[in-house]
Amino acid sequence: MRIIGDHGEIRATELAEQLGIGTAGLSRHLSELVTMGYVCRRPHPDDGRAFLISLTPAGTQAVSDEMHRRAALLQDMLEHWTDEEALSASESLTKLTESLQTAIRAMKPGTIQPPIPAGEKTK
C-alpha cells in the first residue's frame, strides 16, 4: 500500500512490476484491499484494458499509522545505538534494498529465480 500511496495513483501492471509479482496475484490482493476499504480501482481513462489504483482515505490513514507504529518500534529497539551505528546500518540497508529491488525487477513475474543469461550454466 505504501507504493500506491507514494504514486498517488498507479497502473495495476506497473504496481505488479514494482512488486515483482504477476498481475493475477496482484489482482487477488487488490480485491482484498478494495473489500477492506483501503484501495480503490478505476478504469484507466486512456486504456480500457488497464486499471488505476489509489488509496482511499482509510488506506492513506492505515499506511500512516503503520509507518508511525514501525518508527516507534524501531526507536525503542535501537535506543542504545549510537548515531554512527544507526547511520551505518541505514546505509547498509539502503544498499541491500536497492540490490534486492534490482534483482526482483530482473525476475520474470511468477518465478522464483532471475532469468539465466544465454550460455551460462545453473548452479
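Note: the structure precedes this text.
Anyway, here's the lowdown on the structure attached to this text. (Residues numbered from 1 in each chain as written. Predicted model: local features only at pLDDT ≥ 70, side-chain atom pairs only at ≥ 80, totals over all residues. Heavy atoms only, no water.)

1. Comments concerning the environment of T94
So, step 1. With respect to the element layout, T94 can be found in helix α5 (residues 83-106).
So, step 2. Under the relative-accessibility criterion, T94 is labelled partly exposed at 40%.
So, step 3. Among the polar contacts listed, one links the side chain of T94 to the backbone oxygen of S90, at a separation of 2.9 Å. (Helix = DSSP H or I, 4+ residues; strand = E, 2+ residues; numbered from the N terminus. Buried < 20%, exposed > 50% of the residue type's maximum accessible area, 1.4 Å probe, protein only. Polar contact = N/O pair within 3.5 Å; in protein donor to acceptor, adjacent residues only side chain to side chain.)

2. Focus: the sheet that holds strand β1 (residues 10-11)
So, step 1. In spatial order, the strands read β1-β3-β2; together these three strands make up an open sheet with antiparallel pairing. At either margin of the open sheet sits one strand with a lone partner, and together these are β1 and β2 (39-43).
So, step 2. Inspection of the sheet shows β2 paired to strand β3 (residues 51-55) by five bridges, in the antiparallel sense. Bridged to P43 within β3 is F51.
So, step 3. The strands touched by helix α3 (residues 23-36) within the sheet are β2 and β3, with β2 carrying the most contacts at an inclination of about 115 degrees. (Pairing = 2+ DSSP bridges. Contact = heavy atoms within 4.5 Å. Axes fitted to C-alpha atoms, helices over the stretch in contact; angles between N-to-C directions.)

3. Details of the pattern of salt bridges
Where side chains of opposite charge bring their charged atoms close, a pairing between them can arise.
So, step 1. Applying the stated criterion to the full structure yields six salt bridges.
So, step 2. In this structure, E9 engages R42 in a salt bridge whose closest nitrogen and oxygen atoms are separated by 2.8 Å. Placement of E9 in the loop between α1 (2-7) and β1 and of R42 in strand β2 is noted, with a sequence separation of 33 residues between them.
So, step 3. Relative accessible area serves as the criterion here: at 36%, R42 is assigned to the partly exposed category. (Salt bridge = Lys/Arg side-chain N within 4 Å of Asp/Glu carboxyl O.)

4. Looking at the pairing of β3
So, step 1. With four of its five residues buried, β3 lies for the most part within the structure.
So, step 2. Pairing geometry for β1 and β3, over two bridges, is antiparallel. In the strand pairing of β3, I10 is matched with I53.

5. Looking at the nonpolar core
So, step 1. The biggest cluster of nonpolar side chains holds 13 residues, and the ones touching the most others in it are I4, I10, L15, L26, L30, V39 and I53.
So, step 2. Those residues in contact with I10, other than ones at most four positions away along the chain, are I3, I4, L15, Q18, F51, L52 and I53. (Core = buried A, V, L, I, M, F, W, Y, C linked by side-chain atoms within 4.5 Å.)

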